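# Observations on the model geometry
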Amino acid sequence: MNATQLTHHDLDGYGASTVVGRFRDVRRVVHIPRYSDVGPVVETELKRLERTKAPELLILTDLGLEEVAVTFIRRFAQMNLKREAERRHRLVVLDHHASSIDQLRAQKLEPQDDPERPALKRFDAGDPDTVVLIDTERCATRMAYEQRALYAPEAGEGDADLASLVAAVDALDLWRKDRPEFLGGLALDEAFWDNVSTLIPVGHPWHDRFLSGLLLALAALLREGLSPAEIEARLGAVRLRLVDDLMAGDPDDDAALTTRMRVARALARSEELFRPLSDGTLLSFGLDSGAFQRISDLIMEAGRARRVVNVQRVGTLSFRSNNETALDGARKFRGGGHRDAAGGRLQSGAAFSLADALAQVEPVLNPPAPDPDASPFAALRALKG
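Keep in mind that this is a model prediction, so the values were computed, not measured.

## As for the overall build of the protein chain
Counting its secondary structure elements, the protein chain contains 14 helices and 13 strands. Structurally, the protein chain occupies a C-alpha span of about 80 × 60 × 35 Å along its principal axes. Counting every position in the protein chain, which comprises 385 residues, the buried fraction comes to 51%. Put simply, the protein chain shows about 18,100 Å² of open surface, and 51% of that area lies on carbon and sulfur atoms. For the protein chain, the distance from the average site of its 50 positive side-chain charges to the average site of its 59 negative ones is 5 Å.

## Considerations on the sheet that holds strand β9 (residues 282-285)
Taken in spatial order, the six strands line up as β8-β9-β10-β11-β13-β12 in an open sheet, and their pairing is mixed. Strands at the two margins of the open sheet, each flanked by one partner only, are β8 (275-276) and β12 (336-337). Across two bridges, the pairing between β8 and β9 is antiparallel. Its bridge partner lying in β9, R275 is registered against L283. Seen against the sheet, helix α13 (residues 354-365) touches β8, β9, β10 (307-311) and β11 (316-321) and runs at an angle of roughly 140° to β9.

## Points about the sheet that holds strand β5 (residues 112-113)
One open sheet accounts for seven strands, arranged β2-β1-β3-β4-β7-β6-β5; its pairing is mixed. Edge positions in the sheet fall to β2 (28-32) and β5, since each has one partner strand and no second. Sheet analysis places strand β3 (residues 56-61) next to strand β4 (residues 90-95), joined by five bridges and oriented parallel. Along β4, the bridge assignment pairs I59 with V92. The strands touched by helix α1 (residues 11-23) are β1 (2-8), β2 and β3; relative to β1, the strand with the most contacts, the crossing angle is about 160°.

## Regarding the side chain of H207
Among the secondary structure elements, H207 is positioned in helix α8 (residues 206-223). In contact with H207, other than residues within four places in its own chain, are Y14, H31, V196, I200, P201 and V202.

## Digging into the packing of aromatic side chains
Between two aromatic rings, the relevant description is the distance of the centres plus the angle of the planes. Taken as a whole, this structure holds six aromatic pairs when the rule is applied. Note on W175 and F182: the rings are 4.9 Å apart at their centroids and 90° apart in plane angle, and the pair reads as edge-to-face. One aromatic cluster in this structure is built from Y14, F192 and W193. If you follow R148 out to its NZ or CZ, it ends over the ring of Y145, 4.5 Å from the centre.

## What to know about the domain arrangement of the protein chain
By the assigned domains, the protein chain splits into domain 1 (2-158), domain 2 (167-248) and domain 3 (274-365). On a C-alpha basis, the centroid separation for the pair domain 1 and domain 2 is 25 Å. Listed as interface residues are 18 residues of domain 1 and, on the opposing side, 19 residues of domain 2. Summed over both partners, the interface of domain 1 with domain 2 buries about 1,400 Å², with 68% contributed by carbon and sulfur atoms. For the pair domain 1 and domain 2, the interface holds one salt bridge.

## Focus on unusual backbone geometry
Residues apart from glycine generally show negative phi values, whereas peptide bonds are mostly found in trans. Of note, the phi angle at D62 is positive, near 60°, even though the residue is not glycine. You can see D62 is positioned in the loop between β3 and α3 (67-81). In the Ramachandran plot, K108 falls in the positive-phi region, its phi being about 65° despite a non-glycine side chain.

## Section: the nonpolar core
Ranked by internal contacts, the top residues of the largest apolar core, which has 72 residues, are Y151, L218 and I295. Looking at this core element by element, the count peaks at eleven residues for α8. Those residues in contact with I295, other than ones at most four positions away along the chain, are A264, L267, A268, F274 and L287.

Cut-offs and rules
- Residues numbered from 1 in each chain as written.
- Predicted model: local features only at pLDDT ≥ 70, side-chain atom pairs only at ≥ 80, totals over all residues.
- Heavy atoms only, no water.
- Helix = DSSP H or I, 4+ residues; strand = E, 2+ residues; numbered from the N terminus.
- Buried < 20%, exposed > 50% of the residue type's maximum accessible area, 1.4 Å probe, protein only.
- Areas by Shrake-Rupley, 256 points an atom, 1.4 Å probe, with all protein chains shown as cover.
- Lys, Arg positive; Asp, Glu negative; His and termini not counted.
- Charge placed at Lys NZ, Arg CZ, Asp CG, Glu CD.
- Pairing = 2+ DSSP bridges.
- Contact = heavy atoms within 4.5 Å.
- Axes fitted to C-alpha atoms, helices over the stretch in contact; angles between N-to-C directions.
- Phe/Tyr/Trp six-rings, centres within 6.5 Å; stacked < 30°, edge-to-face > 60°.
- Lys NZ or Arg CZ within 6 Å of the ring centre and 35° of its normal.
- Domains from an automatic or database assignment.
- Buried area = accessible area lost by both parts, 1.4 Å probe.
- Salt bridge = Lys/Arg side-chain N within 4 Å of Asp/Glu carboxyl O.
- Core = buried A, V, L, I, M, F, W, Y, C linked by side-chain atoms within 4.5 Å.

Structure representation (structure tokens):
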């Protein structure tokens, strides 16, 4: 059964995806930064699962169930009950926000206390293959670890490094300063935010592999008793080791370069990070500005495109070109700059995915030719004919 995980774009969300990934193979992980973006993502997933013949597993962690997410849970359960028993999907929702309980209640889903732990609430959506748990005393990472039988029935206990990660993230996310793991959680959080988008961007196949490897490697140092300062001092060596593993066997790799320079060479060849527009421009989404500068230069140098544009979630666009067309593109988005380096802003003011960015940029950058039959003068021409 293929598995997909939707999770938050923060330390707890990545901790949860790291835990799930240790106990079962997950085909795709979607990290969602803003709760306002959950709606379009789950709507897309519901439409996909309605068309999918084979049963699949969908895991939601740390998303903070707003109204649109609860509506999705209800619609999923209704859809699933209409499928043949052998083709039914499975939905596992693990969350720890108190507001989620209020939103579920607002849609007539009442909490049921777990007999062993009253803080753990269960919700019945009417479908035995839809499991919804809210635990305000556990972070999502710890819930993913303790409730692993829900998505990986044969899972074992995990190892000491994973347990160290779970303890540190749980202490930080619940802001339990009284726990000895709290400072370690802070160290993990700083390392996470310094590396989540600057080296290997979301959307590349290496992204989750790198971040999970980083978190587990640092959790191992915590388990060995290293202080936050000592962990910070070793962070560069940990990154280097992970990049060495990722780049192993790449004939174009140059170990004399920095980690970002080395990875940029691989990213510039990536098909997953870029979508071609109708005019040949390559579009990416959510790349760190420094990474985009390096990668776009390598793309144009290799002849893959003569213009590249990156769209950020907040709606800003960065154009790069080697034929003096960056400024032309930016001007269509109320922007300006240099002929080969310019910027603008989306008309809507935001984007939530690569597909969303593509849908917003293409018609503005390359508007379709006017249909002569749609002109009010077309009827007159026909009469004259």
